[in-house]
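# Chain and residue survey
Now for the letters of each chain:
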Amino acid sequence: MAMHLSHPEWLAGHWIQQFGAGATRALLEWNQQTPVNHVEIPGGHVPPGLATTDWPGFYRLPKGSIPPSIRPLLDKGAAYVKDPSTRIAPGLLAPQPGDSVLDLCAAPGGKAFDMARMMEGRGRLVALVVPCPRIDRLRENFSRLQSQTLQIEILENDVLELDREQLTAPFDAVMLDVPCSNTGVIQRRTDVKWRLRPEDIANCARLQSQLLHSAARFVKPGGRLVYSTCSIEPAENSQVVEDFLASRSGRAFSLESQEQSYPWETGHDGAGACLLVRQSG
């Protein structure tokens, strides 16, 4: 099956152990399909030429092109080309108007687009990003969201090296979208299945655990933290969160909700997200 569907034997065997043979075949077949691109248009007039989807606000783009009719919406920040899976984590965090929100590992800004909309353009949004080529795209995207009532800041730093003193206050809501194995987006990134090694998943989980512990420092009492990946691996999703909750620093949090997208079930990219809430006392 693995050879026929152009996947490494070890990776197919790994998934069979986790999900079973039927689900693994469906995943391998999904990964071999041509990706479909979507645009999110949260409200207002929807230009012609876009197909509706099962996900409110998301529309299917024609293959190979972006219709000229939606370019003005993209230019003014009223639309964003992104996969429907990206709605999951912001939906769990659910920032409110007036909230202070910290977006860690923020580039290129797709989740910030959703969070700014949920905040109705009011509050404070701080984006942390390790210096990288994508920061220019992040700045461009954020320039479309900035307003007199929405304060947006970009900090170039690593959350593992960031001190609490470098931020003015703990936050109502923290988004942690961590680096991962990318096993949920292989359809879009075919190189992943060939460069990934068996030890990479465990290595990712170790880094993710460090990032989660570091992110927890910036959540105020009663505040919310969403841990998010584009991985389908339990080792990178539920297991990282379970280990955190069992730790000394994690005992101040409770798991309120979680969602996992498996591409063969949802029809879009794979992703995992968990909502953690810090105790008020």
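Residues numbered from 1 in each chain as written. Predicted model: local features only at pLDDT ≥ 70, side-chain atom pairs only at ≥ 80, totals over all residues. Heavy atoms only, no water.

## Here we look at unusual backbone geometry
Basically, it comes down to this: To qualify as a helix, a DSSP run of H or I must reach at least 4 residues; to qualify as a strand, a run of E must reach at least 2; elements of each kind are numbered from the N terminus. Only protein chains enter the accessibility calculation, which uses a 1.4 Å probe; a residue whose area is less than 20% of its type maximum is buried, one above 50% is exposed, and one in between is partly exposed.
One non-glycine residue, Ala94, lies in the positive phi region at around 50 degrees. Residue position: Ala94 is located in the loop between helix H4 (88-93) and strand E5 (100-104). When its relative accessible area of 27% is taken as the criterion, Ala94 is described as partly exposed. At Glu120, a residue that is not glycine, the phi angle is positive and equals roughly 55 degrees. Note that Glu120 resides in the loop between helix H5 (110-118) and strand E6 (123-129).

## Re the packing of helix H8 (residues 198-216) against helix H9 (residues 238-245)
When two helices pack together, their arrangement is given by the angle between the helix axes and by the axis-to-axis distance. Definition in use: Axes here refer to lines fitted to C-alpha atoms; in helices the fit is confined to the stretch in contact. Angles between the N-to-C directions go from 0 to 180 degrees. Here the word oblique covers every angle except those under 35 degrees (roughly parallel), over 145 (roughly antiparallel) and from 65 to 115 (roughly perpendicular). Crossings are assigned a handedness: left-handed for a near helix turned anticlockwise from the far helix by less than a right angle, right-handed for a clockwise turn. The criterion used for residue contact is that any of the two residues' heavy atoms lie within 4.5 Å. Residue polarity is assigned by list, with Asp, Glu, Lys and Arg as charged and Ala, Val, Leu, Ile, Met, Phe, Trp, Tyr, Cys and Pro as nonpolar; anything else, Gly included, falls into the polar class.
Two elements in contact, H8 and H9, have axes separated by 10 Å at closest approach and are oriented at 45 degrees. The angle between H8 and H9 places the two elements in the oblique class. As H8 packs across H9, the resulting crossing turns out to be right-handed. Contact residues: H8 offers Ala205, Gln208, Ser209, Leu212, His213 and Ala216, while H9 offers Val240, Val241 and Phe244. For the contact of H8 with H9, the per-class residue count stands at 6 nonpolar, 3 polar and no charged.

## Things to note about the packing of helix H1 (residues 9-19) against helix H2 (residues 21-31)
Relative orientation of the contacting elements H1 and H2 amounts to 135 degrees, with a least axis distance of 7 Å. Put simply, H1 runs oblique to H2. The chirality of how H1 crosses H2 is right-handed. Mapping the contact onto sequence places Ala12, Trp15, Ile16 and Phe19 in H1 and Ala21, Ala23, Thr24, Leu27, Leu28 and Asn31 in H2. Split into classes, the residues belonging to the contact of H1 with H2 amount to 8 nonpolar, 2 polar and no charged.

## Observations concerning the pattern of salt bridges
Side chains that differ in sign of charge can pair as their charged atoms come close. For the record, the criterion: The working definition used for a salt bridge is a side-chain nitrogen of Lys or Arg within 4 Å of a carboxyl oxygen of Asp or Glu.
Per the counting criterion, the structure on display carries 13 salt bridges. A salt bridge links Asp114 to Lys82; the nearest nitrogen and oxygen atoms lie 2.9 Å apart. Linking Asp114 in helix H5 with Lys82 in the loop between strand E4 (80-81) and H4, this pair joins segments that are 32 residues apart in sequence. Accessibility assignment for this pair places Asp114 and Lys82 in one class, buried. Across the salt bridge formed by Asp177 and Lys111, the nearest N and O atoms sit 3.1 Å from each other. One end of the pair, Asp177, is in strand E8 (residues 171-177); the other, Lys111, is in helix H5, with 66 residues separating them in the sequence.

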